[in-house]
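Listed below are the residues making up each chain.
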Amino acid sequence: MPVRPTFTVWFGEARTSAELLVEHTCLRDYRCEFAQIQDRGDGFAENPKLIQDILYLDKPDILVTSGRPEEPIVGAEFSAEAPSGHDCFQRIARVAASVEFGVPFAYLFPERKWVTRRTGGRWDLYNPQVFQVLLHMSRFHGVPALGFIWPADKSRGDPAHGRLLCESGGHCLPAAGEPRIQQLWQFVDLAVQHYLDNEPFSQMVYTEFYAQHEARMWRWFHDRGGGTRVWSPLTSCETISGLNSLRQWAREASGVWIPRVPDHLREREQSLVYHAGTRDFRSDPYAGALIALDYLRCRNGPTRQHRYRNLVLHMPHVSMSRMVGKAQRFYERDCPLCLEADEANLSRVYSLHLREGCRYTKQKEIRTFCAFADMIVFSDGIVI
């Protein structure tokens with residue numbers, strides 16, 4: 001008689017979201033253990049290797065694994081943030097990291113959210129561009145990265161959470177019985193079944209469920225006029241043709257002349273420049289928006305080497321010294337390689353850094369911006 005598998009349901013912050021997922025999917029029929037993802041300190045080295053890899057960008061809400069060694073099966077993100085503007089892309093790094101490693105991912109966000117202003121309130125509606133980003137991710141990586149809508153209703157939604165339809169009990173968790181939430185549970189069931197049948201997750205894109213949900217995502221995209229106007233973050237972008245034009249623009253933007261441009265940048269005829277209005281060197285929501293732009297307008301394949309257009313991040317109100325200062329403070333205070341000998345003795349995170357360096361544990365903005373941008377232009381300097 002075959003041994004029934006045991007699943008581990010990893011959670012980022014709230015165990016309640018992981019418990020909700022287990023309760024309403026086929027995972028409830030199996031033995032499930034819960035574990036919190038450790039994204040910093042000595043605990044980071046305790047994560048299975050593939051979870052460490054996925055964390056190189058950001059930490060997802062939920063990741064289901066099984067087997068020895070642990071094999072990721074499906075990830076999920078429950079976002080209750082207002083879905084308009086750039087905010088819808090704030091969690092995109094979590095999706096990108098998972099699908100890069102072949103892990104199907106479900107991204108749940110509100111269709112709309114009631115936001116209170118000084119002069120009253122209004123509905124913030126979803127940015128349809130996020131569906132196009134997810135569909136491009138699915139196509140380029142060959143595994144599903146699907147968007148799901150968290151419904152809201154002014155007459156019966158939870159006023160404490162922007163009128164979202166939530167589970168009772170005070171937690172901001174999606175109402176599990178709503179038809180659109182049930183679509184997410186069906187997706188999780190599909191991924192688990194592919195794992196149990198020893199089928200590659202790439203085969204999920206050929207299922208009836210995927211075809212139906214892909215059609216739903218395109219419908220949600222067009223219902224909001226996704227193809228009839230320019231949406232953020234594309235509204236903050238400009239396209240520059242030719243390397244000489246890019247060099248001249250970069251010099252005017254930063255006062256720094258670029259003496260030598262890498263060959264892969266020289267070979268591309270155009271560059272997409274993302275103008276980030278922040279006055280601080282921080283990740284949210286700019287890191288997720290940068291990744292979204294990569295999938296929307298800069299690549300046609302699964303890796304950064306598949307770019308046909310350079311991706312440039314312009315931070316005109318940020319001095320390069322801000323980034324340098326953050327990096328220096330990390331290496332002075334937090335880098336495991338700076339531990340005293342007695343602290344480093346038998347430290348697994350110290351051993352990890354000897355093998356891998358600080359790829360996983362430096363600040364999220366440095367990890368993400370430097371992993372995706374071909375060029376970062378500050379007010380007084382350039383990083384290539």
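As shown above, the structure is provided for reference.
Residues numbered from 1 in each chain as written. Predicted model: local features only at pLDDT ≥ 70, side-chain atom pairs only at ≥ 80, totals over all residues. Heavy atoms only, no water.

A.B. asks: Any chance you could explain helix H6 (residues 208–223) here in plain terms?
C.D. replies: Helix length check: H6 (16 residues) gives 22 Å between terminal C-alpha atoms against 22 Å at 1.5 Å per residue, within 8%. Of the residues making up H6, those classed as buried are Phe209, Tyr210, His213, Arg216, Met217, Trp220 and Phe221. Here the buried residues of H6 occupy an arc of 140° about the axis, which is enough to place them on one side. Seen from the open side of H6, the exposed residues pointing more than 90 degrees away from its buried face are Glu208, His222 and Asp223. Each element contacted by the buried residues of H6 is listed here: helix H4 (129–141), strand S8 (145–150) and helix H5 (179–196). Count one or two residues on from H6 and you reach glycine 225, which has phi positive near 75°. (Helix = DSSP H or I, 4+ residues; strand = E, 2+ residues; numbered from the N terminus. Expected span 1.5 Å × (residues − 1). Buried < 20%, exposed > 50% of the residue type's maximum accessible area, 1.4 Å probe, protein only. Arc of directions from axis to C-beta. Contact = heavy atoms within 4.5 Å.)

A.B. asks: Sorry, what's going on with the state of the cysteines here?
C.D. replies: Note on terminology: disulfide describes a covalent bond linking the sulfur atoms of two cysteines. Summed over the entire model, instances satisfying the criterion amount to zero disulfides. Lacking any disulfide linkage, cysteine 26 is separated from the closest cysteine sulfur, that of cysteine 32, by 8.7 Å. Of all cysteine sulfurs, the one in cysteine 166 lies closest to cysteine 172, which takes part in no disulfide; the gap is 4.4 Å. (Disulfide = S-S within 2.5 Å.)

A.B. asks: Could you clarify how one ought to interpret the side chain of asparagine 127 in this entry?
C.D. replies: On the secondary structure map, asparagine 127 appears in the loop between strand S7 (120–125) and H4. Residue asparagine 127 is classed as buried on the basis of its relative accessible area, which comes to 1%. At a separation of 2.9 Å, a polar atom in the side chain of asparagine 127 contacts the main-chain amide nitrogen of glutamine 129. A polar contact of 2.9 Å, which involves the side chain of asparagine 127, links it to the backbone oxygen of serine 232. Discounting chain neighbours no more than four positions away, the residues touching asparagine 127 are Pro83, Ser84, Gly85, Cys88, Phe89, Trp231 and Ser232. (Polar contact = N/O pair within 3.5 Å; in protein donor to acceptor, adjacent residues only side chain to side chain.)

A.B. asks: Which parts of the structure should I look at to understand the packing of aromatic side chains?
C.D. replies: Geometrically, a pair of aromatic rings is defined through the distance of the ring centres and the angle of the planes. Counted according to the given criterion, the structure contains 15 aromatic pairs. Centroid distance phenylalanine 131 to tryptophan 220: 5.4 Å. Interplanar angle 45°. Geometry classified as tilted. Of this pair, phenylalanine 131 sits in helix H4 while tryptophan 220 is found in helix H6, placing the two residues 89 residues apart along the sequence. Summarising the burial analysis for this pair, phenylalanine 131 and tryptophan 220 share the class buried. With centroids separated by 5.5 Å and ring planes inclined at 85°, the aromatic side chains of tryptophan 218 and phenylalanine 221 adopt a geometry described as edge-to-face. Residue tryptophan 218 and its partner phenylalanine 221 are located together in helix H6, separated by three residues, close to a single helical turn. Using a relative accessible area of 30% as the deciding quantity, one classes tryptophan 218 as partly exposed. Between the NZ or CZ atom of arginine 216 and the centre of the ring of phenylalanine 209, over which it lies, the distance is 6.0 Å. Its guanidinium or amino end placed over the ring of tyrosine 126, arginine 224 lies 5.7 Å from that ring's centre, counting from NZ or CZ. (Phe/Tyr/Trp six-rings, centres within 6.5 Å; stacked < 30°, edge-to-face > 60°. Lys NZ or Arg CZ within 6 Å of the ring centre and 35° of its normal.)

A.B. asks: Hey, could you run me through the packing of helix H3 (residues 92–100) against helix H9 (residues 286–298) in this one?
C.D. replies: A pair of packed helices can be characterised by two numbers: the angle between their axes and the separation between those axes. At a closest axis distance of 8 Å, the pairing of H3 and H9 adopts a crossing angle of 50°. In terms of axis orientation, H3 runs oblique to H9. Residue-level contacts link Ile92, Ala93, Ala96 and Glu100 of H3 to Gly288, Ile291, Ala292 and Tyr295 of H9. In the contact of H3 with H9, the residues fall into six nonpolar, one polar and one charged. (Axes fitted to C-alpha atoms, helices over the stretch in contact; angles between N-to-C directions. Parallel < 35°, antiparallel > 145°, perpendicular 65-115°, else oblique. Nonpolar A, V, L, I, M, F, W, Y, C, P; charged D, E, K, R; others polar.)

A.B. asks: Teacher, can you tell me more about the pattern of salt bridges here?
C.D. replies: Where charged atoms from two side chains of opposite charge approach closely, those side chains can pair. Within the structure shown, the criterion is met by 21 salt bridges. One salt bridge in this structure joins arginine 122 and aspartate 124, with 2.9 Å as the shortest N-O distance. The buried category is assigned to aspartate 124, whose relative accessible area is 6%. For arginine 322, the salt bridge goes to aspartate 280, with nearest N and O atoms at 3.1 Å. Linking arginine 322 in helix H10 (residues 320–333) with aspartate 280 in the loop between strand S10 (270–275) and H9, this pair joins segments that are 42 residues apart in sequence. Given a relative accessible area of 33%, aspartate 280 falls into the partly exposed group. Ionic contacts of the salt-bridge type, sharing partners, join the residues Asp58, Asp61, Glu77, Arg91 and Arg94 into one network. (Salt bridge = Lys/Arg side-chain N within 4 Å of Asp/Glu carboxyl O.)

A.B. asks: Teacher, can you tell me more about the environment of phenylalanine 187 here?
C.D. replies: Summarising the element assignment, phenylalanine 187 is placed in helix H5. Residue phenylalanine 187 is classed as buried on the basis of its relative accessible area, which comes to 1%. In this structure the C-alpha to C-alpha distance between phenylalanine 187 and histidine 213, which are 26 residues apart in sequence, comes to 9.4 Å. If sequence neighbours within four positions are ignored, phenylalanine 187 has contacts with Val74, Pro104, Phe105, Ala106, Pro144, Leu146, Phe148, Met204 and Phe209.

A.B. asks: Would you mind showing me how to read the sheet that holds strand S2 (residues 31–36) here?
C.D. replies: Each strand in a sheet pairs with its neighbour through backbone hydrogen bonds, running either in the same direction (parallel) or in the opposite one (antiparallel). Ordered in space as S2-S1-S3-S4-S5-S8, the six strands form an open sheet in which the pairing is mixed. The two strands at the open ends of the sheet, each matched to only one other strand, are S2 and S8. Each strand axis lies, on average, 20° off the axis of its neighbour in the sheet, ignoring direction. Bridge count for strand S4 (residues 71–78) against strand S5 (residues 105–110) is four bridges, and the pairing is parallel. (Pairing = 2+ DSSP bridges.)

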